[in-house]
Each structure stands twice: as C-alpha cells, then as structure tokens.
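Okay, here's what each chain looks like letter by letter:
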Amino acid sequence: MGDRTEKHAILVDRSAVPVDTLRARIGAAVVVQGWLQNKRASKDLYFLEVRDGSGLVQCVVSRHEVDDASWSAAVRITQESALTVRGTVVANARQIGGVEIQVSSAEIFSLADEYPISPKAHGVEFLMDRRHLWLRSRRPWATLRVRNRVIMSIHEFYQERGFVQMDAPILTSSAVEGTSTLFGIDYFSTPAYLTQSGQLHGEAMAMAFGKIYTFGPTFRAEKSKTRRHLTEFWMMEPEMAFYDLDMNMDLAEDFIVRLVSDVLRDCQEELKVLGRDTAPLSRVQKPFPRLTYEEAVDLLKSDATRDLLHQRAKGLREKLTALSNERMQIRQQYGQAKQWKRRRMDARRIEINRQQSAAEEELRNIPGWERSAREFEWGSDFGGSDETLLTWHFDRPIIIHRYPAPVKAFYMKRDPEDDRLALGMDVLAPEGYGEIIGGGERATDLAFLQRQVDDHNLPREAFEWYFDLRRYGSVPHAGFGLGLERTVAWICCLEHIREAAPFPRTLGRLSP
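Every value quoted in this text rests on a predicted model; they were computed, and no experiment measured them.

(A) Local environment of the pairing of strand 17 (residues 477-483). Most of strand 17 is tucked away, with seven of its seven residues classed as buried. Sheet topology note: the strand 11 (residues 232-241)/strand 17 ladder contains five bridges and is antiparallel. When the sheet's bridge partners are listed, alanine 241 is paired in strand 17 with histidine 477. One ladder, built from five bridges, connects strand 16 (residues 434-441) with strand 17; its direction is antiparallel. Counted as the bridge partner of glycine 440 is glycine 479 from strand 17.

(B) Focus on the sheet that holds strand 2 (residues 45-51). The mixed closed barrel is built from five strands, whose spatial order is 1-2-3-5-4. Adjacent strand axes in the sheet meet at a mean angle of 50°, parallel and antiparallel pairs treated alike. Relative to strand 4 (residues 82-91), strand 1 (residues 29-42) is paired through seven bridges, and the arrangement is antiparallel. Within strand 4, the position partnered with glutamine 33 by the bridge is threonine 84. Contacts between helix 1 (residues 68-76) and the sheet are confined to strand 1, strand 2, strand 3 (56-62) and strand 5 (99-110), with strand 5 contributing the most and set at about 85° to the helix.

(C) Representation of the packing of helix 4 (residues 138-160) against helix 6 (residues 245-266) within the structure. It is the contact of helix 4 with helix 6, at a shortest axis distance of 9 Å, that shows an interaxial angle of 135°. Considering their axes alone, helix 4 and helix 6 lie oblique with respect to each other. In this structure, helix 4 crosses over helix 6, and the sense of that crossing is right-handed. Touching Val146, Arg149, Val150, Ser153, Ile154, Glu156, Phe157, Tyr158 and Glu160 of helix 4 are Leu251, Asp254, Phe255, Arg258, Leu259, Asp262, Val263, Arg265 and Asp266, all from helix 6. Of the residues in the contact of helix 4 with helix 6, the class split is nine nonpolar, one polar and eight charged.

(D) Structural view of the pattern of salt bridges. Applying the stated criterion across every chain yields a total of 43 salt bridges. A salt bridge links glutamate 203 to arginine 470, with the shortest nitrogen-to-oxygen separation between them at 2.8 Å. Taken together, the residues glutamate 203 in helix 5 (residues 199-209) and arginine 470 in helix 14 (residues 464-471) connect sequence positions 267 residues apart. Just as glutamate 203 is buried, arginine 470 falls in that class too. Among the ionic pairs, aspartate 250 bridges to arginine 290, the shortest N-O distance being 2.8 Å. Of this pair, aspartate 250 sits in helix 6 while arginine 290 is found in strand 12 (residues 290-292), placing the two residues 40 residues apart along the sequence. Through salt bridges that share partners, Arg149, Glu156, Glu160, Arg161, Arg258, Asp262, Arg265 and Asp266 make up one connected network.

(E) Up close: helix 6. Between its first and last C-alpha atoms helix 6 spans 32 Å; for 22 residues at 1.5 Å apiece the expected length is 32 Å, and the two agree. Sitting at the amino-terminal end of helix 6 is aspartate 244, which places a side-chain oxygen 3.3 Å from the backbone nitrogen of aspartate 246.

(F) Just the environment of valine 32, in detail. Residue placement: valine 32 occurs in strand 1. The sequence separation of valine 32 and aspartate 298 amounts to 266 residues, and the corresponding C-alpha distance is 59 Å. Beyond its immediate chain neighbours, meaning those up to four positions away, valine 32 contacts Val17, Val19, Leu22, Val50, Leu83, Thr84, Val85 and Ile101.

Calculation notes
Residues numbered from 1 in each chain as written. Predicted model: local features only at pLDDT ≥ 70, side-chain atom pairs only at ≥ 80, totals over all residues. Heavy atoms only, no water. Buried < 20%, exposed > 50% of the residue type's maximum accessible area, 1.4 Å probe, protein only. Helix = DSSP H or I, 4+ residues; strand = E, 2+ residues; numbered from the N terminus. Pairing = 2+ DSSP bridges. Axes fitted to C-alpha atoms, helices over the stretch in contact; angles between N-to-C directions. Contact = heavy atoms within 4.5 Å. Parallel < 35°, antiparallel > 145°, perpendicular 65-115°, else oblique. Left-handed = near helix turned anticlockwise from the far one by under 90°. Nonpolar A, V, L, I, M, F, W, Y, C, P; charged D, E, K, R; others polar. Salt bridge = Lys/Arg side-chain N within 4 Å of Asp/Glu carboxyl O. Expected span 1.5 Å × (residues − 1). Polar contact = N/O pair within 3.5 Å; in protein donor to acceptor, adjacent residues only side chain to side chain.

Note that every value here comes from positions in space, so none of it alone points to a role or purpose.
Rendered as structure tokens:
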C-alpha cells in the first residue's frame, strides 16, 4: 500500500504519558500516543479505544469540542492505526481503568490497512499464523504481562536469598534428559545439541558459588501435540550446594507461593481481562501436601478418584446445558441490540464456544482417564491425565517425591532406605495443570554416576568434566527446574501452553 504515514502528524511527543498512569491524573490535560483498538459512533460523538501497551483508555471525541482536522481523523481512522490524542482525564467508573479522556485534538500518525483480526471467532491456526498481530489483542496482552511479572518475581525471589544468577550454555555436547528429545546441530563438523536443561552446568557453578540459578531457553524435540508441550521453552533452574531433598522441596514451596502472591498483588487488571477466577490462586499457601510416589499411586487407583471423575462429568454436563441456554438467549436478543452491545455479545459468543469446546473435550476424555487410573502400574511414570486427576484432590499445588529410579534422570541420588527409588520430586499445579517443577537431590558417588552413564548408553567422554565435580570436593546438593510457560499457563488458566509464549514453537510451528 505504500507509505501510509500522515506527514503533518507529530511523530513522537515527549510529553505523552502512559495509559496506566491516567487514574492518578484526573482533571489534568494529557497527551497519549498509541493504537486504535476499537471505535464506535453515536450522533456527534466518536468513542475511540486507544491502547499504548501499558493499558487501554476510551477517548471521547465530540464534534463540538474539536477542530475539523481532529473530527476528520476520528471519522477516517481504522483499527490499529497509530494516533496521538490530547485531552482531559475524567473519572468514569464504567470504563477500563476507571477513567476516560475528553479529547481536545486527535492526529493520525499512520492509517492502517483493513485489519485481518476482527472481533469474531478465528481458528487457532489463523491466529497463530498472525501471532505478530494477535499479540495486540487483549488476552495476549494480559497473558504476557503476567509472564513479565512472573519473570521479575523469579529474579527478586532468588536475589533476595543470596543466589547468583549464572548462564548455562545453549550449545552442549551431551544429553541431560535423555537422547530421544535432542535437537542436533553441526558445530564446526562436531556433533552438538541444543540444551535440554542447564542443570549439569548449574551443578558446576553451585560448587563455585554455593547457590545459583540459571534462566534461559531450553529445547526438547518431542513429537507431541499436547497442550502442555513446546519445543522451545524457558526454564528457571536453581542449584544449591549442601542441600538435601527436603530442603529442595521447602524452597520450591516458598518459591511458588511468592510467584502467585506477586501476580495477585500486581496483575489484577490482567487477570480480570483473562476472566481468571482468583479464588484458587488465593489458596496457594503453605504447606503444600506432600505425597510419596507410592501414596500417589494408591490415591490414583482409589475409589475416591473414580467418584471424583463421576462428579466432574456431571458438572461438565450441567455446564454445557447452561452454555447452550446462554447462547440461545444471546441469539434471541441480538437483533434488537445496539451495535456496541452486539460487539459484547459477539465476544461472549466466542467465549461460550471456547468453553463449550473445552468442556466437550474433557467429557470425552474422562472414560479414558478413569481406565488409565484404574490400570496404572507401580513403576510407571505419571502421564498428563494422571497428574490432572491427582491435583483434583487438592486445592493447592502438591509435591510428589521418591519416584522409581528408572523414570528419573541418571544423575538422581537413590533413596538410602529403598534403592528402587530416586530422591526426585515434582510440583504439580492444581486445577489439572500438572507438573510445573521437576528436580531432586543429585548423586554424589562417582562410581555410581559412571555406571549410570554406561547403563543409559551415554558417551563417557562427554561427561568427564561432570565426573570431575565428584572427584574434587563433592558435597550433597540439589536443585530443580521450573517451566516458565507451564507456570504462566496455570496462573492465567490458559487452555494451551502456546498462549504463554510471545512466539511459541510447537511441532510444525516455526513461524512467525
């Protein structure tokens, strides 16, 4: 289309203020620069919803209060056009943020082409193909601001406790979590891999600094299309010298409580946009229930789990009936509704369709989940449905510990009271979200680790540096990894983990 920039417009106004500061500026004259989210008209008025990244504000343009150029701009402006508005902040409890701007002038910086994402239902692939634009919508805006708060809380939590942030390499010469999920690359004619975890290097750094944490991208070449998997995700991994399994679980518990409390304190607007029921988050308090693997298996196979599933199915059927009735009510009222109300109805219908699809899918899955739980065999690892069922029994995260050694990584220390078990632990998020933390106490015996590497058919030469950590001053140590996107998905109550990443990488998704 060529250059759509309005040549007369002021490009950057240094006096512009962020939208999220307007509540403190009631009665003041302000300048706001941003993009048009939505527009509606009423007689001699235009209502422009303007967002600047920090928030959203309604700007009221009156034909009798602005000059001809500003009125023309309000008439011509299209969705996602960039603009500058000037006006006075006034209180309005019905609007987002509790304020609006009575506009004195408006200028278009760039006029947008017809925007491809409209307030109607779009398929997931359509939206993911346009993720670079979809990020501007309200749900991604809210989700990724929560992600930002979680990231900041991570750094604050560990820095306050004397941890040192360190960086593990992304390019590695060996596997950490098994060879079947490695992304291989050619590193100057030498085989190399994208890291699955920074943990092994984290152990080396903990032996130098005592308590460290790494935070960076990790990669798993799992050919999985479940809602819990990404091929590229961010992992935060603390590693602590002179820590045992119990201390490790204590730290994980304190950590999760802090993350959730910070989001509840600082992200009320974002959680409201997402429609997140905050009551379950408010129950994330210490202590977390702690179950051994054996106790978790018994619970999974119990009559209590079967009864819970039957209650869940009943509740889902009731929810589907209520959604169907609401859809019918909207259909009956739609023809007589004003345009602004139709937009709200359209948005609600999209949400109804989303909730209906999710409820129908869960209802279809329940018979299979019940069968899987009933037939679960000791020694197996918990699958996604097993983790979901276990978390449904509790109102806060749970910690499962002392897993069968074969289902845990080669470097896990064995339980001195039962050599069949590894001193590993997982934290499972409530509301069916499953594992968000995995870790445990590390093996300290050199001969044991060497046997483990051989038994797992891993190349010894790639781990000689790791063996050195046991040759020179080995001490008890422990750590864990928290998946950032899984944690954000749970806190925001998202259907799919891909919504928790700005540009998610999944099986078959490498663009944009």
